[in-house]
Structures are given as C-alpha cells and as structure tokens.
Amino acid sequence: MTLRSDVAGLLAEAGINDVDVDEVVADDHARTSAYLRVVSAIASSPNRDRDRAIVATILRDPDESGAKTAVVALVDEIAWRVTGPDEFRQWADGLLPEIERLKTESFREFIRQRIKDWLFWLSVKDGHVPTPGELAEVTDWMQRHLAEWSKSPAVLAVVAESARTKKTRNIAKNRAGSRELRAE
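Attention in this report is confined to the structure presented alongside it. Treat the numbers as computed from the prediction; the structure is a model and nothing was measured. (Residues numbered from 1 in each chain as written. Predicted model: local features only at pLDDT ≥ 70, side-chain atom pairs only at ≥ 80, totals over all residues. Heavy atoms only, no water.)

1. Describing helix α1 (residues 3–14)
Here is step 1: The terminal C-alpha atoms of α1 lie 17 Å apart, and with 12 residues this matches the ideal 16 Å at 1.5 Å per residue to within 8%.
Here is step 2: Those residues of α1 that sit buried are Asp6, Val7, Leu10, Leu11 and Ala14. Around the axis of α1, the buried residues are gathered within 125° of arc, so they sit on the same side.
Here is step 3: Tucked inside the fold, the buried residues of α1 contact α2 (21–26), α3 (28–43) and α4 (51–59).
Here is step 4: A positive backbone phi angle near 75° is found at Gly15, which sits one or two residues after α1. (Helix = DSSP H or I, 4+ residues; strand = E, 2+ residues; numbered from the N terminus. Expected span 1.5 Å × (residues − 1). Buried < 20%, exposed > 50% of the residue type's maximum accessible area, 1.4 Å probe, protein only. Arc of directions from axis to C-beta. Contact = heavy atoms within 4.5 Å.)

2. Notes on the pattern of salt bridges
Here is step 1: For the coordinates displayed, the defined rule picks out 19 salt bridges.
Here is step 2: Two residues, Arg112 and Glu100, come together in a salt bridge whose shortest N-O distance is 2.7 Å. Placement of the pair is Arg112 in helix α7 (residues 105–125) and Glu100 in the loop between α6 (85–99) and α7, with a sequence separation of 12 residues.
Here is step 3: One salt bridge in this structure joins Arg112 and Glu109, with 3.0 Å as the shortest N-O distance. Taken together, the positions of Arg112 and Glu109, both in helix α7 and three residues apart, correspond to about one turn of that helix.
Here is step 4: Owing to a relative accessible area of 36%, Glu109 belongs among the partly exposed residues under this scheme.
Here is step 5: Connected through shared salt-bridge partners, Glu100, Glu105, Arg108, Glu109 and Arg112 make up one network. (Salt bridge = Lys/Arg side-chain N within 4 Å of Asp/Glu carboxyl O.)

3. Comments concerning the packing of aromatic side chains
Here is step 1: Enumeration according to the criterion identifies five aromatic pairs in this entry.
Here is step 2: Each ring, one from Trp80 and one from Trp118, has its centre 5.6 Å from the other, and the planes form 65°; the classification is edge-to-face. Highlighted residues: Trp80 in helix α5 (residues 64–81) and Trp118 in helix α7, separated in sequence by 38 residues.
Here is step 3: Among the aromatic residues, those joined into a cluster by ring pairs are Trp80, Trp118, Trp121, Trp141 and Trp149.
Here is step 4: The ring centre of Phe110 lies 4.4 Å from the NZ or CZ of Lys68, which sits over that ring.
Here is step 5: Residue placement shows Arg114 over the ring face of Trp141; its charged tip is 3.8 Å from the ring centre. (Phe/Tyr/Trp six-rings, centres within 6.5 Å; stacked < 30°, edge-to-face > 60°. Lys NZ or Arg CZ within 6 Å of the ring centre and 35° of its normal.)

The quantities given are spatial measurements derived from coordinates; they are silent on function.
This is how it looks when you write it as structure tokens:
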C-alpha cells in the first residue's frame, strides 16, 4: 500500500469526496486535517467493525505525530459515544495491537494513557467515586475534565481536595458549590 492509496481509501470509506488527494499526500498538516475529518465521520457510525483497520491505515503514515493526533481524536470521539467502561475497554483492546506499531514510545504511551483516562472517566460516570490515589493515576487533563464535567458532588469533592493543580481544584470546588449542580 502507498500513502496515496491509504489516504484515498480512508477518504472514500468516510464518504469524503471534496479533498484533493494529491494535495493531502504532499502536506502533513493537510493530511492530519483529512484524517480528523475521516475519524469524525467514522466515529459517528454505529458500526465499530472497521475501526481497527482504519487505525492501522492511519498509523502507517510516515508522519507519526499527525497519525497519533488522529487516533487520539478517534479515542476521544468513541469514549463520548459508548455506553460504559466495559464497551470502551473492549473497543480499545482491539486497537492496542495497532497502537503498539508506532515507533515513537512517547506516542504509544500517550494513546495508552488517554485510553486509561477515558476508562477512569467512564467508571466515574457510572457512579464510581475515585479515591485520591486513583485520581493521582490519571493525567492533569482528565482531572480537569472531571472538574469541568462531573455532576457528582462526591467526585467533585475528591477533585477539589486532591487534584494536582490549583486551577483544577478551584474549578471542582466552585462547581461543587454551585446552585446549578445542587438542582440536578
């Protein structure tokens, strides 16, 4: 497979036909942008059967940074759409062999950590109240995500007390005391 055939195939599969394939192949940034459009279109499908093959194709791109960006976007999109942590874990487990093919260890670790963060979020969304130790195992990004989006006063209390950054602790503290949250 060539980069051109990979890009053309992904665009066709996603139903995107307003992109100049030759232009996208020649420009890393344009290709990353095209991959993000593909990921968005693919994620909106209820069928997850082709996700591993799509990730494998994206990860063949010589620009590993752009490929990682697209895969992380897919992970994020699917995490918002699944019904719970078990469904997400099963889906993510299917991608891990493809992710391990990335040459850059920090990129592999970033994607693995993002999956771990989303599993944490989904378990909290399902009612789990994390301990300060569990909260310490997720990234600052996920801690802030919890502070901004959790609707659980108990979770917000843990984040307000134990998040790594003062800004995140303050967001959680302010949201925990908001009338809006108490009314839910």
